[in-house]
Number of protein chains: 2
Amino acid sequence: AGDPAAGEGKVAACAACHGTDGIATAPIYPNLAGQNAEYLVSSLKAYRAGERGGGMSAMMTPQAQALSDEDIADIAAYYASLE
Amino acid sequence: AGDPAAGEGKVAACAACHGTDGIATAPIYPNLAGQNAEYLVSSLKAYRAGERGGGMSAMMTPQAQALSDEDIADIAAYYASLE
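Every value quoted in this text rests on a predicted model; they were computed, and no experiment measured them.

Draft legend 1. Structural detail: the environment of Arg-52 of chain A. Inspection of the secondary structure assignment puts Arg-52 of chain A in the loop between helix H3 (37–48) and helix H4 (57–65). Looking at Arg-52 of chain A, the relative accessible area reads 6%, which means it is buried. For Arg-52 of chain A, the contacting residues outside a window of four places in its chain are Tyr-39, Ser-43, Ala-46, Tyr-47, Ser-57 and Thr-61 of chain A together with Tyr-39, Glu-51, Arg-52 and Gly-53 of chain B. Within the local environment of Arg-52 of chain A, its side chain forms a polar contact with the side chain of Ser-43 of chain A, the two groups lying 2.6 Å apart.

Draft legend 2. Layout of the relation of the copies chain B and chain A. Overlaying chain B on chain A yields an RMSD of 0.0 Å, the required transformation being a rotation through 180° with an accompanying axial translation of 0.0 Å. Here the transformation between the copies is reduced to the relation of a two-fold axis. Considering only C-alpha atoms, the residue of chain B closest to the rotation axis is Arg-52 of chain B, which sits at 2.2 Å. The overlap is high: 100% of the interface residues of chain B also sit at the interface in chain A, so the same surface is used on both sides.

Draft legend 3. Layout of H4 of chain A. Residue and element names in this part refer to chain A. By the burial criterion, the buried members of H4 are Ser-57, Met-60, Thr-61 and Ala-64. For H4, the buried positions fall inside an angular range of 105° around the axis, keeping them on one side. Its buried side turned inward, H4 meets helix H2 (12–18) and H3.

What counts and how
Residues numbered from 1 in each chain as written. Chains lettered and ligands numbered in written order. Predicted model: local features only at pLDDT ≥ 70, side-chain atom pairs only at ≥ 80, totals over all residues. Heavy atoms only, no water. Helix = DSSP H or I, 4+ residues; strand = E, 2+ residues; numbered from the N terminus. Buried < 20%, exposed > 50% of the residue type's maximum accessible area, 1.4 Å probe, protein only. Contact = heavy atoms within 4.5 Å. Polar contact = N/O pair within 3.5 Å; in protein donor to acceptor, adjacent residues only side chain to side chain. Least-squares fit on C-alpha atoms with pLDDT ≥ 70 in both. Arc of directions from axis to C-beta.

Interpretation in functional terms is not warranted from these geometric data alone.
Quick look at the structure:
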């Protein structure tokens, strides 16, 4: 499982849209605070694999492609840990 | 914008995984309670268009293809309205 403390140090790019606190900065983006970590991992891996199109995928695919499996686990654990 | 009261009557299929209360029934599914309606609409339309693959898309694509624009707006408004 990911390390939420490590994840906190990896969300600088995420936070521009999803907030450091997991509350989206605009309503077209999803809130991530308290989201299930397992779902967040699945979602980021689908973007990274180029499977998830539509929506904000033009932004998310390259972001996810910069992440290792460990990065994804840590980021997911961080956002899941928030209220 | 969608009608949350109408949406409540349209989530029987959604609720099997996402809960009537928007809390997922298993951690591989996302919680939807309080999610931004605009994001939920975008997500369902991406599934309906066949753009969003990976993850649970094999389940979600046919579900979304059964929904009209009004259904999507109402369902999104319902889940967004929950705590």
